[in-house]
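Structural characterization, general
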Amino acid sequence: MTRLLEVKDLKVRFRSDRTIIHAVNGISYSLDEGGSLAVVGESGSGKSVGMLAIMGLIPNPPGWVESGQALFKGRDLLKASEGELRLIRGKEIAMVFQDPMTSLNPVLPIGLQLTEAIQTHLGLDKNQARERAIEMLRMVGLPNPAQRIKDFPFQFSGGQRQRVMIAMALTCTPSLLIADEPTTALDVTIQAQIVELVRDLQKQLGMAIIWISHNLGLVAGVVDTVLVMYSGFIVEQAPVDDLYEHPRHPYTLGLLHAVPKLDTENQERLASIDGMPPDLRKPIVGCPFAPRCPYRQEKCDQQTPPLFEVGPQHQSACWRWQELSKISTFGEPL
Amino acid sequence: MLAYFIRRLLINIPLLVGITIIVFVLASLMPGDAVLAMISSDTPVTDDMIKMRQGELGLDLPLHEQYLRWMGNIIQGNLGYSFVSAESVSKMIVSRIPATLELMGVSLSISIILGLTLGTISALKQYSWMDYGFTVFGFIGISIPDFFLGMVLVFVFALKLKWFPTSGFITAGEEFSLADNLRHVFLPALALALVRTAVFMRYTRASVLEVLGNDYVRTARAKGLLQNVIILRHVMRNALIPVITIIGVNLGVLFAGSVIIETIFQWPGIGMMFINAVTGRDSPVIMGYVLLTSMIVLASNLLTDLAYSLVDPRIRYE
Ligand SMILES: Nc1ncnc2c1ncn2[C@@H]1O[C@H](COP(=O)(O)OP(=O)(O)O)[C@@H](O)[C@H]1O
Ligand SMILES: [Mg+2]
């Protein structure tokens, strides 16, 4: 397997009212050609920002990449010029965004929104680009693509729009697709369809994929590796099965298996992790998860844990990762 | 699309009727006699003649029937006759409207082109020295009254530098030539354009800034499109939607604003006709002008709706 993407020590900052938001705090990971990775974590943990950074799409102002490398096919995207990035965006790396309702231009027919990327990157003429667009829409399962290509986004349902977005992302057969919570805004039944669709297309086209999700269950079946993010840090990274069976970070444990609690209505429900993520306006001292962690010790407040190698291709940023193997649910005493 | 436009047109009909009723009531309250206004001056005027004409014109009829007759006349293009020159008011309007439309058109083109361009640059280079420069220009533009600007322009560019003529439609005593006419229209058009440029610029800046933050602009970037395509196709098209309303509103304001500028520059348009009518208490002409102004405002509403539906498909398919 050849290495497609290698991100090293990526840090992203935003300025807001004289303070600096530490959105991404030195994340490193890699992805092979044709591989698949899920990035999970609560909302605000820096998943989207981390991806936008490698595409050079962090809005500046207010944001900027503080440091790091993002080697894509050996080239550092963080040092690439806008002109070089433009040739990579949409052609080599494509992205599907969270909200299909707002991610398509409301005043342009979807046909134009598909063909403009095709014409830009593939040098096809208008008719060929149109043919290609229809072919792509058919591939993502949109009925009547030849007619619907003239329609505007408001004439489609949410699920259909996300199919259009996926078709748009895949028109130039990119080697990497970044899907940023593509199903969050959709109905549950449609969610599964979209995940299925992207998985099939990935197999068909042989591209690598990064799934961003706050719902690990949804994407667990379609990825090799999972990367757990918390407040801009990677706290655990492992092959998907290993992560499920042997989580080595309390936060992952919390995401996967929280202790069932009895509700006021005497109904069993999964408890979410108590507390709030830390304030990103201050540099984090110690372990970022410590304030919410039932297993915290004095050391956790003072020293930020590094990513320990805890197994084959399995890393965890917890001082107590070894002891964690003794428990299977979050909150259970050590 | 056509259905939408026809619907907008129909919605305007009650408005139009309302306006004619108001104008009619005003007309009957006006000093001077509508009869006299309708009699052209080459008819010998005697008391008997007037009585006869009053009967002919139906001024002894109840008010609502008078209104219907009056409307009938208007629909046939008869707005009465000037007290002063005895010319037909509709003929006066028809002969003077091209000059006003030319002035409005040139001035509006200047302000739309400049306003949209400067506003967009301002937004794209937010907080740069250019942005601050344009903002200062905008405040100055909004706060200078156009008649004052007109006088300053005449003083500097016509009297001192002699680049442009001080007034008139063409050079007196010469054949009409477009170049000469455009030299004449430039200063008054500029005087009218500055305020509008500033207004359009401010709205465009705000609108572009808002659109830039939208998800679909990020999508366009993520596709690797050229910056120009992103700005012109994806940003401007959407940013234009609120700006169109402002341009539409300004059509009517511009028409009214041309009254003073036409007078300063001796521009032979509707505005000058109106000022002459006011000073001469020429009520039929004044009424004609009021009616025309209302029509212009309604027409600009319709134009705005049309422009809207061209830019925004959601309205077209409503
Ligand atoms: N445009 C922005 N301006 C200021 N702060 C931002 C901006 N975008 C993201 N952030 C900050 O970055 C953090 C991470 O955001 P994001 O990557 O969108 O989280 P998520 O994991 O939900 O995708 C957020 O907490 C937010 O404070
Ligand atoms: Mg996100």
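Structure first, text after, so check above.
All right, on to the overall build of chain A then. From N to C terminus, chain A includes 13 helices and 14 strands. Radius of gyration (C-alpha) of chain A: 21 Å, near the 20 Å computed for a compact globule of 334 residues. Dimensions of chain A, computed from the C-alpha atoms along their principal axes, are close to 65 × 50 × 45 Å. The proportion of buried residues among the 334 residues of chain A is 52%. Considering only contacts in chain A between residues 6 or more positions apart, those separated by 24 or more positions represent 64%. If you sum the accessible surface of chain A, you get close to 14900 Å²; carbon and sulfur atoms cover 50% of it. The average position of the 33 basic charges and that of the 37 acidic charges among the side chains of chain A differ by 5 Å.

Residues and elements named next belong to chain A. Ordered in space as E6-E7-E8-E3-E9-E10-E14-E13, the eight strands form an open sheet in which the pairing is mixed. Edge strands, defined here as strands with exactly one partner in the open sheet, are strand E6 (93-96) and strand E13 (308-311). Strand-to-strand, the axes of this sheet are offset by a mean angle of 20°, without reference to chain direction. Note: strand E7 (residues 176-180) against strand E8 (residues 208-213), five bridges, orientation parallel. Bridging from a neighbouring strand, aspartate 180 pairs with isoleucine 212 of E8. The sheet contacts of helix H1 (residues 47-54) involve strand E3 (36-40), E6, E7, E8 and strand E9 (225-230), and relative to E8 the element is tilted by about 150°.

With that out of the way, let us pick up the site of ligand 1. Residue and element names in this part refer to chain A. Around ligand 1, 13 residues are found, and the nearest of them are Gly44, Gly46, Lys47, Ser48 and Val49. Measuring from an oxygen atom of ligand 1, one finds a backbone N or O atom of serine 45 at 3.1 Å. Backbone polar atom of valine 49 to an oxygen atom of ligand 1: 2.8 Å apart, as the coordinates give it. Protein contacts shield 68% of the accessible area of ligand 1, which totals 560 Å² for the unbound molecule. Residue assignment for the shell around ligand 1 shows that the elements contributing at least two residues are strand E2 (19-32) and H1. Top contributing element to the shell around ligand 1 by residue count: H1, with three residues.

Residue and element names in this part refer to chain A. Within the open sheet, the four strands sit side by side as E2-E1-E4-E5. Their pairing is antiparallel. The strands lining the two open edges of the sheet, one partner per strand, are E2 and strand E5 (75-76). Of the pairings in the sheet, the one linking strand E1 (residues 3-16) to E2 comprises 11 bridges and is antiparallel in character. For glutamate 6, the partnering residue across the bridge sits in E2 and is serine 30. Here H1 sits on the sheet in contact with E1, E2 and strand E4 (63-72), set at roughly 115° to E1.

It is worth spelling out a nonpolar patch on the surface at this point. Residues and elements named next belong to chain B. The grouping of Phe147, Phe148, Met151, Val152, Phe155, Val156, Leu159, Leu161, Trp163 and Ile260 at the surface amounts to a nonpolar patch, some 910 Å² of accessible area in total. With respect to the helices and strands, the residue phenylalanine 155 is situated in helix H7 (residues 146-160). Here phenylalanine 155 falls in the partly exposed class, since its relative accessible area comes to 45%.

All right, on to the interface of chain B and chain A then. The interface of chain B with chain A comprises 22 residues on the first partner and 27 residues on the second. The contact between chain B and chain A buries some 2100 Å² in all, and 62% of this surface belongs to carbon and sulfur atoms. On the chain B side of the interface with chain A, the three residues burying the most area are Arg218(B), Ala222(B) and Lys223(B), jointly 26% of the side's total. Two residues, Glu116(A) and Arg233(B), come together in a salt bridge whose shortest N-O distance is 2.5 Å. Our enumeration of links across chain B and chain A arrives at 12 residue pairs in polar contact (both at pLDDT 80 or more). Within the residue set of the side of chain B that touches chain A, elements represented by two or more residues are helix H9 (215-222), helix H10 (227-264) and helix H13 (313-316) of chain B.

Time to look at the packing of aromatic side chains. Applying the stated criterion across every chain yields a total of 12 aromatic pairs over all chains. An aromatic cluster is present here, built from Tyr230(A), Tyr251(A) and Phe289(A) joined pairwise through their rings. When the ring centre of Phe156(A) is taken as reference, the NZ or CZ atom of Arg148(A) above it lies at 4.0 Å. Above the ring of Phe139(B), the side-chain terminus of Arg202(B) is found at 5.8 Å from the ring centroid.

What follows deals with the pattern of salt bridges. Evaluation of the coordinates by the stated rule reveals 22 salt bridges over all chains. Asp312(B) is the partner of Arg314(B) in a salt bridge, and the nearest nitrogen-oxygen pair spans 3.0 Å. Exposure remark for Asp312(B): the relative accessible area of 6% places this residue in the buried category. Here the salt bridges do not stand alone but share partners, grouping Arg3(A), Glu6(A) and Asp32(A) into one network.

This part covers the environment of Val211(B). Residues and elements named next belong to chain B. Relative to the elements of secondary structure, valine 211 occurs in helix H8 (residues 178-212). Judged by relative accessible area, valine 211 falls into the buried class, the value being 6%. Sequence separation between valine 211 and valine 154 is 57 residues; the distance between their C-alpha atoms is 40 Å. Excluding residues within four positions of it along the chain, valine 211 makes contact with Tyr216, Val217, His234, Val235, Asn238 and Ala239.

Residue Pro61(A) is reached from Asn60(A) by a cis peptide bond, and omega for that bond is -10°. Looking at the secondary structure, you find Pro61(A) in the loop between H1 and E4.

Looking at the element boundaries, Thr135(B) is found in helix H6 (residues 129-143). The contact partners of Thr135(B), leaving out residues within four places of it in the chain, are Met201(B) and Arg202(B).

What follows concerns the pairing of strand E10 (residues 233-239) of chain A. Residues and elements named next belong to chain A. With six of its seven residues buried, E10 lies for the most part within the structure. Sheet topology places E9 next to E10; six bridges connect them, and they run antiparallel. Its bridge partner lying in E10, leucine 227 is registered against glutamine 237. Joining the antiparallel neighbours E9 and E10 is a turn of two residues, in which serine 231 adopts a positive phi near 45°. Inspection of the sheet shows E10 paired to strand E14 (residues 314-316) by two bridges, in the antiparallel sense. Its bridge partner being in E14, glutamate 236 is matched across the sheet by serine 316.

Next up on the list: the packing of helix H1 (residues 2-29) of chain B against helix H12 (residues 283-311) of chain B. All names here are of chain B. Relative to each other, H1 and H12 sit at 165°, their axes nearing to 10 Å. One way to sum up the angle between H1 and H12 is to call them roughly antiparallel. In this structure, H1 meets H12 at a crossing whose hand is right-handed. Contact residues: Tyr4, Phe5, Arg8, Leu9, Asn12, Leu15, Leu16, Ile19, Thr20, Val23, Leu26 and Ala27 in H1; Met287, Val290, Leu291, Ser294, Met295, Leu298, Leu302, Asp305, Leu306 and Ser309 in H12. Residues that form the contact of H1 with H12 fall into these classes: 16 nonpolar, four polar and two charged.

About the criteria used
Residues numbered from 1 in each chain as written. Chains lettered and ligands numbered in written order. Predicted model: local features only at pLDDT ≥ 70, side-chain atom pairs only at ≥ 80, totals over all residues. Heavy atoms only, no water. Helix = DSSP H or I, 4+ residues; strand = E, 2+ residues; numbered from the N terminus. Rg over C-alpha atoms; globule rule 2.2 N^0.38 Å. Buried < 20%, exposed > 50% of the residue type's maximum accessible area, 1.4 Å probe, protein only. Contact = heavy atoms within 4.5 Å. Areas by Shrake-Rupley, 256 points an atom, 1.4 Å probe, with all protein chains shown as cover. Lys, Arg positive; Asp, Glu negative; His and termini not counted. Charge placed at Lys NZ, Arg CZ, Asp CG, Glu CD. Pairing = 2+ DSSP bridges. Axes fitted to C-alpha atoms, helices over the stretch in contact; angles between N-to-C directions. Near = heavy atom within 4 Å. Polar contact = N/O pair within 3.5 Å; in protein donor to acceptor, adjacent residues only side chain to side chain. Patch = residues over 30% accessible without salt bridge, like charges linked within 9 Å, V, L, I, M, F, W, Y side chains within 5 Å. Salt bridge = Lys/Arg side-chain N within 4 Å of Asp/Glu carboxyl O. Buried area = accessible area lost by both parts, 1.4 Å probe. Phe/Tyr/Trp six-rings, centres within 6.5 Å; stacked < 30°, edge-to-face > 60°. Lys NZ or Arg CZ within 6 Å of the ring centre and 35° of its normal. Parallel < 35°, antiparallel > 145°, perpendicular 65-115°, else oblique. Left-handed = near helix turned anticlockwise from the far one by under 90°. Nonpolar A, V, L, I, M, F, W, Y, C, P; charged D, E, K, R; others polar.

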